[in-house]
Number of protein chains: 2
Amino acid sequence: MHAIMIVIDGIADRPMKKLEGKTVLEVANIPNLHNIAKNGVLGVFDPLNAPGRRAGSDTAHLSILGYNPYEIYTGRGPIEVAGTGIKLKQGDVSLRCNYCTVDEKLILLNRTANYIREGIDELEKALNENITLSDPDVQFTFRNGADYRCVLHFRGSGISANVSDTDPWKEGVKVLESHSLDGKPESVKTSNLVNEFVLKSYEVLNEHPVNQERRKDGKPPGNLIMPRGAGETPNFEDFYKKWQLKGAVIAGISLIKGIGALVGMDIIDVPGATGYIDSDFMAKGQKAIEILPKYDFVLVHCEGTDEVAHDKMLKEEIETLEKIDTMIGWVYNHLPEDTFLVILSDHAVSTELGKHTGDPTPIMIAGPGVFKDNAKLFNEREARKGMLHRIRGNDIIPILVDYMDKTKKFGA
Amino acid sequence: MHAIMIVIDGIADRPMKKLEGKTVLEVANIPNLHNIAKNGVLGVFDPLNAPGRRAGSDTAHLSILGYNPYEIYTGRGPIEVAGTGIKLKQGDVSLRCNYCTVDEKLILLNRTANYIREGIDELEKALNENITLSDPDVQFTFRNGADYRCVLHFRGSGISANVSDTDPWKEGVKVLESHSLDGKPESVKTSNLVNEFVLKSYEVLNEHPVNQERRKDGKPPGNLIMPRGAGETPNFEDFYKKWQLKGAVIAGISLIKGIGALVGMDIIDVPGATGYIDSDFMAKGQKAIEILPKYDFVLVHCEGTDEVAHDKMLKEEIETLEKIDTMIGWVYNHLPEDTFLVILSDHAVSTELGKHTGDPTPIMIAGPGVFKDNAKLFNEREARKGMLHRIRGNDIIPILVDYMDKTKKFGA
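Residues numbered from 1 in each chain as written. Chains lettered and ligands numbered in written order. Predicted model: local features only at pLDDT ≥ 70, side-chain atom pairs only at ≥ 80, totals over all residues. Heavy atoms only, no water.

Let us now look at the sheet that holds strand β14 (residues 361–366) of chain A. Adjacent strands of a sheet pair through backbone hydrogen bonds, lying either parallel or antiparallel. Residues and elements named next belong to chain A. As summarised here, the arrangement of the eight strands in space is β9-β8-β10-β1-β11-β14-β2-β15, forming an open sheet in which the pairing is mixed. At either margin of the open sheet sits one strand with a lone partner, and together these are β9 (266–267) and β15 (389–392). Summarising the sheet, strand β8 (residues 247–250) and β9 pair through two bridges and their orientation is parallel. Each bridged residue has a counterpart across the sheet, and for Val 249 the counterpart in β9 is Ile 267. Of the strands in this sheet, β1 (2–8), β10 (297–302), β11 (339–344) and β14 touch helix α13 (residues 314–333), which is tilted by about 170° from β1. (Pairing = 2+ DSSP bridges. Helix = DSSP H or I, 4+ residues; strand = E, 2+ residues; numbered from the N terminus. Contact = heavy atoms within 4.5 Å. Axes fitted to C-alpha atoms, helices over the stretch in contact; angles between N-to-C directions.)

Aligned on chain B, chain A shows an RMSD of 0.2 Å; the corresponding rotation is 123° and the shift along the axis is 0.1 Å. Here the symmetry operator amounts to a three-fold rotation axis. (Least-squares fit on C-alpha atoms with pLDDT ≥ 70 in both.)

What follows deals with the side chain of Asp 92 of chain B. All names here are of chain B. Position of Asp 92 relative to the elements: it lies in the loop between α5 (76–83) and β4 (93–102). A distance of 2.8 Å separates a polar atom in the side chain of Asp 92 from the backbone nitrogen of Lys 89. A distance of 2.8 Å separates a polar atom in the side chain of Asp 92 from a polar atom in the side chain of His 153. For Asp 92, the residues in contact, after removing those within four places along its chain, are Lys 87, His 153, Phe 154, Arg 155, Gly 231, Glu 232 and Thr 233. (Polar contact = N/O pair within 3.5 Å; in protein donor to acceptor, adjacent residues only side chain to side chain.)

Further remarks concern unusual backbone geometry. Backbone geometry places Leu 106 of chain A, a non-glycine residue, at a positive phi of 65°. Residue placement: Leu 106 of chain A occurs in the loop between β3 (93–102) and β4 (108–110). Notably, Trp 169 of chain B is not glycine yet its phi reads approximately 65°, a positive angle. Summarising the element assignment, Trp 169 of chain B is placed in the loop between β7 (149–156) and α7 (185–205).

Residue and element names in this part refer to chain B. Taken across its eight residues, α5 has seven buried, putting it largely inside the fold. All of the buried residues along α5 are Gly 77, Pro 78, Ile 79, Glu 80, Val 81, Ala 82 and Gly 83. Buried positions along α5 lie against α3 (57–64), β4, β7, β8 (224–232) and α10 (254–262). Note on α5: the residue one or two positions beyond its end, Gly 85, has a positive phi of about 105°. (Buried < 20%, exposed > 50% of the residue type's maximum accessible area, 1.4 Å probe, protein only.)

Across the contact, 22 residues belong to chain A and 32 residues belong to chain B. Across the interface of chain A and chain B, roughly 2,300 Å² is buried in total on both sides, 56% from carbon and sulfur atoms. Between the two partners, chain A and chain B, sit four salt bridges. For the salt bridge of Asp 402 of chain A with Arg 14 of chain B, the shortest nitrogen-to-oxygen distance reads 3.0 Å. Counting only elements with at least two residues in the side of chain A that touches chain B, the list comes to β15, α15 (396–403) and β16 (409–410) of chain A. With four residues, α15 of chain A is the largest single contributor of residues to the side of chain A that touches chain B. For the side of chain A that touches chain B, a count of residues per class yields 10 nonpolar, five polar and seven charged. (Buried area = accessible area lost by both parts, 1.4 Å probe. Salt bridge = Lys/Arg side-chain N within 4 Å of Asp/Glu carboxyl O. Nonpolar A, V, L, I, M, F, W, Y, C, P; charged D, E, K, R; others polar.)

Here the focus is the sheet that holds strand β2 (residues 41–46) of chain B. All names here are of chain B. In space, the eight strands of this open sheet follow the order β10-β9-β11-β1-β12-β15-β2-β16, with mixed pairing throughout. Bordering the open sheet on either side are β10 (266–267) and β16 (390–392), each of which pairs with just one other strand. Of the strands in this sheet, β1 (2–8), β2, β11 (297–302), β12 (339–344), β15 (361–366) and β16 touch helix α15 (residues 396–403), which is tilted by about 160° from β12.

As enumerated under the stated definition, the model contains 42 salt bridges over all chains in all. Between Glu 237 of chain B and Lys 242 of chain B there is a salt bridge, and its shortest N-O distance comes to 3.6 Å. With relative accessibility at 42%, the residue Glu 237 of chain B sits in the partly exposed group. Here the salt bridges share partners, and the residues they tie into one network are Asp 402 and Asp 405 of chain A together with Arg 14, Arg 54, Lys 355 and Asp 359 of chain B.

Structure (structure tokens):
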């Protein structure tokens, strides 16, 4: 038996004034989601296993995959780094970074170099080729993520993630120097290495041809790397060992790829999967059906809805959801008989507030042996009529593993 | 105030193809259960306190009685032994056994001696009278359970339950020798005693008149005792001390009697209670009403439904449920005013799969002060509309004790 889990990131919401007290799920044209609702069991779940806790997409996904994020989460840095394909080891230190724009006194002028995208491959190459750290015992790797997002990874002896950020989170002030958070030699050394990398990145990037071109075009140069969110390598139990499910992840963003990689799932790249509303959702769904014979469990992550909800772009959120609904309809129509389909929102986002909330979020499961319950629509209000009731994020995989008949009885 | 809890073992199920998406509870003619549903509060519960976990009847009953099985369960052996009336002490080692049929090389020919029943009292007597163990510091007791099922109990110094099974679980191969699972002297000694008992059982049984008679009738002899599932004596807190309820158990099978005995409840024997679908359910219900004045809490266990669900015998399951419904109607009509009636399925069984599942299972409570909620039928789908919502196995007794006004306030 197999299962496909499709995550519509951050689609759960609160009633909105603009929608006369309804939610995006309640007003969008999503016939395929509602059709699956009629044929499946629904409920809501608390992403962080208790009401009122606001989850990030990373902690929510850990929970949905059956891990307790309060016990194992070490920050976003290592997950982002793992999502770029770097194989992390215990003892490594990982940071997320931005390409940004600074003046010659390192005053921050633009936190994202105006969402720099073109030419970043050349900049990545230049940084890795031209920077040498003063400490011969520590190696670094720099990798681009999506657009202005990038990562910095240290491996070597005597380093620590207990170092402060360089991102001041506002423009017009100087980029911060990283410093030790615990006064220990390892973190002092690491903060020095971070600062050294930042200064050397300016030397490499400021006059780089890509940035000279940008200046000519009136665009802010990506002339500094600004790291933050240092984290040690988390110790995530292998997904297969934990649940006896051979798993694959289809996702556009490195955050979700990183979680998949860190729990030992295969990361399946899909051309056109951007992690934004322009993503080729249909290609993701088709890939899930294509690879299903090789996996017990395929996670398909759709990010765009969360991105535009953060930016309060209601129209775009509805349109993106409707595109995802079309893909889900295709998947449901191509689902083999022995396969379960799980649809959920990983966490709630208030599109009015433009941020995550701690609300429970809808889930539905369709497949062999699953009850058709009294919840007939996929939305927040209707899902609470469902037979799953209100469960916890960590309950989802045990329920699915039981449906898939892979659960061992405790007792006789 | 008093309470009667009636357990319909394993009656909760999933929608079945043969029943056009309905369950046994949804198609059976059970007017009495539905009548109580109209007058009570319903809900579902997770037997092992979390979704998707598959419970055995033993772990489920521990949970229903307010004990956390993950903390205290030591296996089925000691429970079966306690269920035969042997009073267990700490340090004892208990095993479940089968009467089986072997040839002279101890090749297993029939795992149950074709469900041997006649003559087993004589065989039990012969084994206890004619076997002496070589170790003078260890005493054994052998007892029959139901039919071919029996138990072996060791008491003495320097013994351990860390020994392997002798049951190969298939016919045509030699009965296994028990061996130590941890290499310690206690388990080495115990495994030797198990093997000694097995060999001596053959000497006693093979030419026993009961077996000579069976051979004459063309039936396989019960000529060897095959032990498995060794367990140490669990440390279950006394039910009365824990809940201030003087309790009694009415059950046909030694598993449930054993749990009752181990938590210090009185075991009430009822003639005709067989633990199968031929059980005299009405006699059990009448006994519960009869003894109620002497007890706060009477557990009535009905096993037949689980047995036939394991064997995928749908028709028999429905018929058995309907018989139990008749008994429950009688009990409800004879229920004193100050008495609560709790009806539940201890765990779910998929009659299609023939095995336990991790689904939540229905519960209802009727009695003074209990809400009549919107759930009007006793089945899986309707129960989930009930005011109890989705609770845990361990929540049931606290709710009942609170209804019975025996709960102390925490706080002021």
